[in-house]
Structure formats: C-alpha cells, structure tokens
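# Observations on the three-dimensional arrangement
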Amino acid sequence: MTPIRPEAALAAALLLAGCSGADASLRPELDALRAELAVARQEDQELQRKVEGLAARMDLVAARLARPVEPRPEPRAPEGPAGAPVVPGGLAVVRMEPPGRRVPPVPTVVAIVEPDGGRLEALARRSGRELAAEAEAELRSARRRDGLARAHGLEDFVARYPRHPQADNALVEAAGAYGDAGRSDAACTVSRRAVEEYPVGDAMSDALWRVAACESQRAGVDAEKKVLSRLVTEFPSTPAARRAGERLVAISGRTGGEPPSDGPARSGP
C-alpha cells in the first residue's frame, strides 16, 4: 500500500475546501496539513544532503581500492670495485697464519686503576654549611615531638651529631622527656651521659641538678649532697646552683649537718 505524501493530502484538503464552499470548520485542519508539509519538505532536504554525502564518500573509497599498489624498491647493497671483497663496516680482515706457526698472544687484560680514596671522600663530603643546616632541621624536628618520641629523637640527634654545640642540651632535654614519661631510669642514664660526655658544656649545671635528683630517688643522701656541692661550687651563678643551695639547706636540716661554706669557685657558663 503506497503511503499518501503530504502534498497529496494537502491537495485533497484544498479540493474538499473548494467543494464545500470554503467551510470555516476545515480551516484548522488545512493549517495543520500545511505545517506538516513544511516539516516533511525540510526532512526530505536533509535526507537528500546525507544521501549525497554518503555517495561521495563511497566513490572516494572505491577509487582508492581500485588504485594499484606500487611495490617499494628493495635496497641494494653498495657495489665496490671490481674484484674487491665486500667487508662490512666495523670489521677488519685478519690474515690467517699457516699451520705450524705460532701466533704471538695478544694482551686482552686491561689494568684497573684503583681510584684515590682521598679524592672520592672529598667529592662525597658535604660542605659544613649543608651539614649545619641539616643538623638544625633535625634538632627542631626532635624538639617538636612529645613524650618518648621527643626523647628518642633528641638521643638520635646526639648520636648523629655528637660535636654539635647543642648536643649536651639535647641530652638534658631528652632526660627531661624521659622523666615526664615516667622513665626515671632512662632519665638518670641520659643525665649522667651529659655530665660525663660534655663536662664543659653550657648544660652542665642542669645535668648535675638532674643527677642529684636521681641520687635523691635512690635514697643516697651522701651522693646527692656531693653532687649538689659540686654544682654550687663550680656553677654558682646558675639557676641550678641556687636550687642546689636550697636543697642542701633542707638536707642539712634533716640530717643535722651544716651546709657547705662558700669557697673558691669558678663561674659556670
């Protein structure tokens, strides 16, 4: 069954309108048919353009398929002079000796020269400024920590930079961190390290004060008084020495002894 095109429908509607004397009731239907006809014409135009484009592409592909493929010429080896053997580049012609004659050996071992250790160490050694900056960064990082992490970080810093100007202070701070964390044995061990390893450091007075506190915990009154007396005598101008003097007065009041008299002393750092 052949579909009725919009043009035919419109013509039939116009014919009916003429036959009926242009009845006004058919006017809306006639307008609708006109609009539908306009849409159909636009779709037909777009479809025609698509068909033409596809036909052009098919023609192009067919022309490419019909074109013969020319074989590529094979590379030819360079021709040398007549009668001369062709030797690949990088190879040398070796003349073979007749049997019975011994060919002298060719040395193939290359002597290995050991590099100068001093020069290698000098090349690998970083400058003092770089080491100082790295040490300061590690110290700041350790001091920003809390609890046992702070104590361990400060001890690691001293292990890596034992000659750093802040190494003795780092040990004393590590002892304080251990004490705050309830690790009194570790605090006493680190305090004694600061006294023994850095006897001229500027943290000596604080280290002695902590050692005296450790002796007090062990109920060693005589040992505590000995450390406090050393602190007062050798570092009289430090806050730790003033605390040590007050502690000596308190100990002497309990034990019936007398506090040490002021004698020759050197100023603490």
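The notes below deal with the structure included here. (Residues numbered from 1 in each chain as written. Predicted model: local features only at pLDDT ≥ 70, side-chain atom pairs only at ≥ 80, totals over all residues. Heavy atoms only, no water.)

## Side note on the overall build of the protein
- Counting its regular elements, the protein contains 10 helices and zero strands.
- Sequence-ordered secondary structure for the protein, helices as α and strands as β, is α-α-α-α-α-α-α-α-α-α.
- Here the protein holds 269 residues, and the buried ones make up 22% of them.
- For the protein, contacts bridging at least 24 residues in sequence account for 48% of all contacts bridging at least 6.
- When the accessible surface of the protein is summed, it comes to about 20,600 Å², and 57% of that surface belongs to carbon and sulfur atoms. (Helix = DSSP H or I, 4+ residues; strand = E, 2+ residues; numbered from the N terminus. Buried < 20%, exposed > 50% of the residue type's maximum accessible area, 1.4 Å probe, protein only. Contact = heavy atoms within 4.5 Å. Areas by Shrake-Rupley, 256 points an atom, 1.4 Å probe, with all protein chains shown as cover.)

## Structural notes on the state of the cysteines
- Applying the stated criterion across every chain yields a total of one disulfide.
- One disulfide in the model links Cys188 with Cys214; its S-S distance is 2.1 Å. Disulfide Cys188-Cys214: torsion about the S-S bond near -105°, hence left-handed. Here Cys188 is found in helix α7 (residues 184-197), whereas its partner Cys214 is found in helix α8 (residues 204-217), with 26 residues between them in sequence.
- Judged by its relative accessible area of 10%, Cys188 is buried.
- You can call Cys214 buried: its relative accessible area is 5%. (Disulfide = S-S within 2.5 Å.)

## Re the nonpolar core
- In terms of nonpolar packing, the biggest core is built from 36 residues, with Phe157, Val158 and Leu208 touching the most fellow members.
- When contributions to this core are tallied by element, the ones reaching two or more residues are α4 (128-143), α5 (147-160), α6 (167-180), α7, α8, α9 (221-234) and α10 (239-255).
- Phe157 has contacts with Ala135, Glu138, Leu139, His164, Gln166, Ala167 and Ala170, leaving out every residue within four places of it along the chain. (Core = buried A, V, L, I, M, F, W, Y, C linked by side-chain atoms within 4.5 Å.)

## Brief notes about the packing of α8 against α9
- Close contact between α8 and α9 brings their axes to 8 Å; oriented N to C, the two are set at 165°. One way to sum up the angle between α8 and α9 is to call them roughly antiparallel. In terms of crossing hand, the pair formed by α8 and α9 is left-handed. Touching Met204, Ser205, Leu208, Trp209, Val211, Ala212, Glu215 and Ser216 of α8 are Ala223, Glu224, Val227, Leu228, Arg230 and Leu231, all from α9.
- Residue composition of the contact of α8 with α9, grouped by class: nine nonpolar, two polar and three charged. (Axes fitted to C-alpha atoms, helices over the stretch in contact; angles between N-to-C directions. Parallel < 35°, antiparallel > 145°, perpendicular 65-115°, else oblique. Left-handed = near helix turned anticlockwise from the far one by under 90°. Nonpolar A, V, L, I, M, F, W, Y, C, P; charged D, E, K, R; others polar.)

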